[in-house]
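# Per-entry structural report
Residue strings, one per chain:
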Amino acid sequence: MHDTQTAVLGAGLMGVGIAVHFARYGHEVLLYDTDSARLAEVPAVAGSILAELVEVDLLAASQVAEILARLHGSDNLQRLAPARLLIEAIPERLPLKHALYAQLEDLIAEDAIIASNTSGLPPDRLAENMRHPQRLLIAHFWNPPHLIPLVEIVPGSATDQRHLQALQTLLSDMALEAVLLERAAPGFVGNRLQFALLREALHIVQSGIASPQVVDRVMRASLGRRYAMVGPLEAADMTGLDTVCDIAQHLLPTLASGSEMMELVRQRLADGNTGLRSGSGFYTWDDGRKERIQRRRAHQLRFALKP
């Protein structure tokens, strides 16, 4: 699969980020979008991603032009015909995806892979109208792809195992943490873990145990660092499973299990506070906060894997 043409469908932030990562590892990439204005913005968006990598010494400035030259934009669907790997990153609307897949199946080779970057739609719903459902799988990249290396590869009930293994090998060779799930589940693995943690964080605030600021400080200064080194099951082994059982007996019954804590979120939404986009959520998003997070992001990037 290393020599096959790669196409990314959808030139939004995720699509461009995925395309840049492939181009960084020597792949010629065709970026397809129906919006010609968005395609015109691709060089600037890709350039900003590469500039961030240059700034933290993960990429030589002399490589930028060569990488950008591997990105090719088009709003002509016919140009996708030779592609053997097509990564779909269009909006999360099932009718849009179904319509696109129907067009693709009239164009591409029978053994070409369609990998959806969906973060929540199940693979069997995506493939339900396809003539060749064995070609469809999910490759859930995390945002931003040049910083977060995880890609969750999720099979549908008809997915050809050879496609799963070939894609996992390809992505692993590009310094991505490509993991293969045994089966599909809502939220896959990463979002299930993320929302379990978010539910408890909201519960802690709603219960008056600690403020949002304290919850986030605790996370960054403890689990955030630990989980970069070991996962929760490795940590359980290291703690001792007997100790884990003892703690669980008195702690698990007190943890959040419902959805009532989401009222904290709904209250803010009712006031028009959507978070970063509106300038306010649990925090006020002024320039100082944005700059602090950007510094943390640059610090993390310095520890990313080099090609």
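These numbers were taken from a predicted model, which means no experiment stands behind them. (Residues numbered from 1 in each chain as written. Predicted model: local features only at pLDDT ≥ 70, side-chain atom pairs only at ≥ 80, totals over all residues. Heavy atoms only, no water.)

### What about the nonpolar core?
A general trend in soluble globular proteins is that nonpolar side chains are found buried together. Stated precisely, the cut-off is as follows: Remark: nonpolar core denotes a set of buried residues (Ala, Val, Leu, Ile, Met, Phe, Trp, Tyr, Cys) joined through side-chain atoms within 4.5 Å. To sort residues, take the accessible area from a 1.4 Å probe on protein chains only and compare it with the maximum for the residue type: under 20% means buried, over 50% means exposed, and anything in between is partly exposed. Runs of E in the DSSP output that reach at least two residues are strands. Runs of H or I that reach at least four are helices, and both are numbered from the N terminus.
Counting 43 residues, the largest nonpolar core has V16, F22, L85, L137, F141, L167 and L171 as the members making the most contacts within it. Per-element tally for this core: the top contributor is helix α1 (residues 13-24), with seven residues.

### Description of the environment of E128
Rules: Residue contacts are counted whenever heavy atoms from the two residues lie within 4.5 Å of one another. For the purposes of these results, a polar contact is taken to be a pair of N or O atoms within 3.5 Å, where, inside protein, one atom must be able to donate a hydrogen and its partner to accept one; residues adjacent in sequence count only when each atom of the pair is a side-chain atom.
Examined against the element boundaries, E128 turns out to sit in the loop between α6 (123-126) and β6 (136-141). Residue E128 is classed as partly exposed on the basis of its relative accessible area of 43%. Taking the C-alpha atoms as reference points, E128 and H98, 30 residues apart in sequence, are found 8.5 Å from one another. With residues near it in sequence (within four places) discarded, E128 still touches L94 and H98. Reaching out from E128, the side chain makes a polar contact with the side chain of R125 at a distance of 3.5 Å.

### What about the pattern of salt bridges?
Just so we agree on the cut-off: By definition here, a salt bridge exists when the distance from a side-chain nitrogen of Lys or Arg to a carboxyl oxygen of Asp or Glu is within 4 Å.
Counted under the stated rule, the structure contains 10 salt bridges. When the shortest N-O distance is used, the salt bridge between R70 and E66 registers 2.7 Å. R70 gets classed as buried once you look at its relative accessible area, which sits at 13%. Between E128 and R125 there is a salt bridge, with its nearest N and O atoms 3.5 Å apart. Among the charged side chains, a salt-bridge network with shared partners connects E88, E92 and K97.

### Looking at the sheet that holds strand β7 (residues 150-155)
Two strands in a sheet stick together by hydrogen bonds in their backbones, pointing the same way (parallel) or opposite ways (antiparallel). Counted only if it meets this: DSSP bridges decide pairing: two strands pair if at least two such bridges lie between them. Only the stretch in contact is used when a helix axis is fitted, and all axes are lines through C-alpha atoms; the angle between N-to-C directions ranges over 0 to 180 degrees.
Ordered in space as β3-β2-β1-β4-β5-β6-β7-β8, the eight strands form an open sheet in which the pairing is mixed. The open sheet has two edge strands, β3 (71-74) and β8 (177-180), and neither has a second partner. Averaged over all pairs of adjacent strands, the angle between their axes in this sheet comes to 25 degrees, without regard to strand direction. In the sheet, strand β2 (residues 29-32) pairs with β3 via four bridges, with the strands oriented parallel.

### Brief notes about the side chain of H21
Tracing the backbone shows H21 in helix α1. Beyond its immediate chain neighbours, meaning those up to four positions away, H21 contacts P145, M174 and L176.

### Digging into the packing of aromatic side chains
Filter applied, for reference: Here the aromatic set is Phe, Tyr and Trp, taking the six-membered ring for Trp, and pairing holds for ring centres within 6.5 Å; pairs whose planes are under 30 degrees apart are stacked, those over 60 apart are edge-to-face, and all others are tilted. Two conditions define a charge sitting above a ring: the NZ of Lys or the CZ of Arg must be within 6 Å of the ring centre, and it must be within 35 degrees of the ring normal.
Inspection of the entire model under this criterion finds one aromatic pair. Ring geometry for Y283 against W285: centres 6.5 Å apart, planes inclined by 75 degrees, an arrangement best described as edge-to-face. A relative accessible area of 13% places Y283 in the buried class. Stacked on the ring of W285, the Lys or Arg R289 has its end atom at 5.9 Å from the ring centre.

Interpretation in functional terms is not warranted from these geometric data alone.
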